[in-house]
Amino acid sequence: MTVWDDLVGQNRVREQLAAAAKDADALVTAVSDGKPLDQGSKMTHAWLFTGPPGSGRSTAARAFAAALQCTSPDRALGGAPGCGFCDGCHTSLIGTHADVQVIRTDLLSIGVKETRDLVRRAQLSPAVGRWQVIVMEDADRLTEGAGNVLLKAVEEPAPRTVWMLCAPSLEDVLPTIRSRCRHLTLSTPPVEAVADVLIRRDGVDPERAHSAARATQGHIGRARRLATDERARARRAAVLKVPLRVADVGGCLKAAQELIDTATDDAKQMAEEVDVKETEDLKAALGGVAGGRMPRGTAGAMKELEDKQKRRKTRTQRDSLDLALTELTGFYRDVLALQLGSRIAIANVDVQDSLDRIAESSSPAQTLRRIESVIACREAMDRNVAPLLAVEAMTMALRAG
Ligand SMILES: [Zn+2]
């Protein structure tokens, strides 16, 4: 076992990161302590991981962070850092290392204030480890102002600080920032490799693992959820019935409403799990008593938390809808493959009957228009069109084809 084990099907990236970790290790151990990194080093202060959702951007960053904190004695004997066993590796991987901060926002954007706090922290020397590592999972969510704050930190990094930014593509990151990062591209891992991880690491039975990996087309996180979560399987089954339900206007409107309700339920469940405790914690911190009036001057803090919770609810609902749209696109892509007699492997083999029915009752041109209407729905939501309106427009367009 090593820190790289969860990085599925990314051999080239893995080699690059392992080489960087080795150079980084030499830097920390050598007498060159404190000197800036030179041009020839495979190690650098700012990294940008891009790749499609599910390809393992943050997994790669975390593995790299662990390798940088590795303290295995084998390193002295020429072994590579990243043993996976030592305290440095282990605590980095499970998220308790004092010098590895993983920033994962459940909000739609990362603002200036949060980024300033991060940058301040990044100026510090490592507390216990060898490097101060900051992994930002959603660098594409930085507002422009926040990006400019981050830019200064990336331009003039503290000697032992490493930034690891993750984003879907280069275009999602401010040009000024991405030009100062070393860029690594992850690709969608092969279905077989994903199934293998589910079997080996999560103990999923082989048949279910293969079916989940195929249905999610190499998206590890979604495959794992589908393989291990009954609710996720029920959701997917409901979404994949939508194409059969849009035969008349009533069916279209009903299907749209149900897609929205499901997303709203997800957001509500999340709120129940997280918000209540968060609110109680803040009340206690501000000196309130359960059920009683809050002390003077605390209204602002309570309002700030309420706003944050509201934004999080919006994002959860949006993420849930996004997933449904991804599944619908996958369905019609399979339909198109059948219609064109293409040799691409079908993703949704478990609903082969529905695929056949739609494929036989429509033309490839119609299928293409249907795929376009799903894409249009996502774009409309990006432009802040009310979700129900956007989804209704989509289901009506699916009917017309
Ligand atoms: Zn180690």
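As shown above, the structure is provided for reference.
Residues numbered from 1 in each chain as written. Predicted model: local features only at pLDDT ≥ 70, side-chain atom pairs only at ≥ 80, totals over all residues. Heavy atoms only, no water.

Draft legend 1. Geometry of the packing of aromatic side chains. Taken as a whole and judged by the stated rule, the model has two aromatic pairs. With centroids separated by 5.0 Å and ring planes inclined at 80°, the aromatic side chains of Trp47 and Phe64 adopt a geometry described as edge-to-face. Here Trp47 is found in strand β1 (residues 46-50), whereas its partner Phe64 is found in helix α2 (residues 57-69), with 17 residues between them in sequence. Neither residue differs from the other here; Trp47 and Phe64 are each classed as buried. (Phe/Tyr/Trp six-rings, centres within 6.5 Å; stacked < 30°, edge-to-face > 60°. Helix = DSSP H or I, 4+ residues; strand = E, 2+ residues; numbered from the N terminus. Buried < 20%, exposed > 50% of the residue type's maximum accessible area, 1.4 Å probe, protein only.)

Draft legend 2. Layout of the environment of Ala267. With respect to the element layout, Ala267 can be found in helix α12 (residues 249-285). The buried category is assigned to Ala267, whose relative accessible area is 2%. Between the C-alpha atom of Ala267 and that of Asp117, which follows or precedes it by 150 residues, the distance is 28 Å. In contact with Ala267, other than residues within four places in its own chain, are Lys313, Thr316 and Gln317. (Contact = heavy atoms within 4.5 Å.)

Draft legend 3. Structural detail: the coordination of the zinc ion. Note on the zinc ion: its protein donors are Cys70 (SG), Cys83 (SG), Cys86 (SG) and Cys89 (SG). The metal-donor distances range over 2.3 to 2.4 Å. Each donor residue of the zinc ion belongs to the same chain, and together they define the spacing C-x12-C-x2-C-x2-C. Taken as a pair, Cys70 in the loop between α2 and α3 (87-94) and Cys86 in the loop between α2 and α3 lie far apart in primary sequence, 16 residues in all. Cys86 carries the same exposure label as Cys70, and that label is buried. (Donors = N, O, S within 2.8 Å, 3.2 Å for Na, K, Ca; no water.)

Draft legend 4. Fine view of helix α1 (residues 11-29). Taking 1.5 Å of rise per residue, the 19 residues of α1 would be expected to cover 27 Å, and the 27 Å separating its terminal C-alpha atoms lies within 8% of that figure. Of all the positions in α1, only Val13, Leu17, Ala20, Ala21, Ala24, Asp25, Leu27 and Val28 are classed as buried. Summarising the axial view, the buried residues of α1 lie within an arc of 155°, below the 170-degree limit, and thus occupy one face. Summarising the geometry of α1, the exposed residues directed more than 90 degrees from the buried face are Asn11, Arg12, Glu15 and Thr29. (Expected span 1.5 Å × (residues − 1). Arc of directions from axis to C-beta.)

Draft legend 5. Seen up close, the sheet that holds strand β2 (residues 100-103). The sheet built from five strands is open, its strands ordered β2-β3-β4-β1-β5 with parallel pairing. The open sheet has two edge strands, β2 and β5 (182-185), and neither has a second partner. Geometrically, the sheet is characterised by an average inter-axis angle of 15° between neighbouring strands, direction not taken into account. Across the sheet, α1 is in contact with β1 and β5; its angle to β5 comes to roughly 145°. (Pairing = 2+ DSSP bridges. Axes fitted to C-alpha atoms, helices over the stretch in contact; angles between N-to-C directions.)

Draft legend 6. Broad picture of the pattern of salt bridges. Per the counting criterion, the structure on display carries 24 salt bridges. As a salt-bridge pair, Arg120 and Asp117 come within 3.4 Å of each other at their nearest N and O atoms. Taken together, the residues span about one helical turn, with Arg120 and Asp117 both in helix α4 (residues 112-122) at a distance of three residues. (Salt bridge = Lys/Arg side-chain N within 4 Å of Asp/Glu carboxyl O.)

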